[in-house]
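What follows is the residue order along each chain.
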Amino acid sequence: EPFNKWRNESFVFFKWAQRLNGTTDGGEVSSLESRKNVHAMRDVCDLLVIGGNTVRIDRPRLDARLVDGKAPDILILSRENNFDTSIPLFGVTNRKVLIENNFSKLGEYKNIMIEGTSSMYELSKEYVDHFLCYIAPKFGGSDIMNKNNDKFQILNIQKETQDIIMWMKKEG
């Protein structure tokens, strides 16, 4: 299904990592193996979408270094465009970093990953074809990914890493 969609238009998936208690914040959530899996997906994505607060607070690189891969272009979704350009993601070579207050740039890319927590989920869910969740067997954090009543159809569950990996589609 993703391949067929990608052949004719953009394929968009939303990825998040959470602990057993549903939290997504407070440092690294998933295992090293899961992070390598995400880096392998970044290596084949054209665009990675993140929120402005993620950039300001986490100061990420958002590349594919754990698999020695290429870094996708970045779309920072933000109402403000004032960022510290010493943040590592701005220094990755051969990559565009776009700052927009909407999702209009999605149409210029084919394979798109959106990474985020509950706020980005709410903003982007109407654009998303599939959802990918990494569930780490631990507790912690305070930002819980349960601010809505959406229901999902599980397409695939993997246990290749310490974490549980679920691909899903929204029901309805």
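Let us look at the structure shown here. (Residues numbered from 1 in each chain as written. Predicted model: local features only at pLDDT ≥ 70, side-chain atom pairs only at ≥ 80, totals over all residues. Heavy atoms only, no water.)

A few words on unusual backbone geometry. Phi at D68 is positive, roughly 55°, even though this residue is not glycine. What makes D68 exposed here is its relative accessible area of 75%. Phi angles above zero are rare outside glycine, and N94 is one such case at about 60°. Its place among the elements puts N94 in the loop between β3 (73-77) and β4 (97-100). The class for N94 is exposed, based on a relative accessible area of 79%. (Buried < 20%, exposed > 50% of the residue type's maximum accessible area, 1.4 Å probe, protein only. Helix = DSSP H or I, 4+ residues; strand = E, 2+ residues; numbered from the N terminus.)

One open sheet accounts for eight strands, arranged β4-β3-β2-β5-β1-β6-β8-β7; its pairing is mixed. The outermost strands of the open sheet, each flanked by one partner alone, are β4 and β7 (152-158). Going from strand to strand, the sheet's axes swing by 25° on average, the running direction of each strand aside. Pairing analysis gives seven bridges linking strand β1 (residues 11-19) to strand β6 (residues 130-136), with the strands arranged parallel. Looking across to β6, one finds that F13 is bridged to H130. Packing of helix α2 (residues 32-44) onto the sheet brings it into contact with β1, β2 (47-51), β5 (111-115), β6 and β8 (164-170), and relative to β5 it is tilted by some 140°. (Pairing = 2+ DSSP bridges. Axes fitted to C-alpha atoms, helices over the stretch in contact; angles between N-to-C directions. Contact = heavy atoms within 4.5 Å.)

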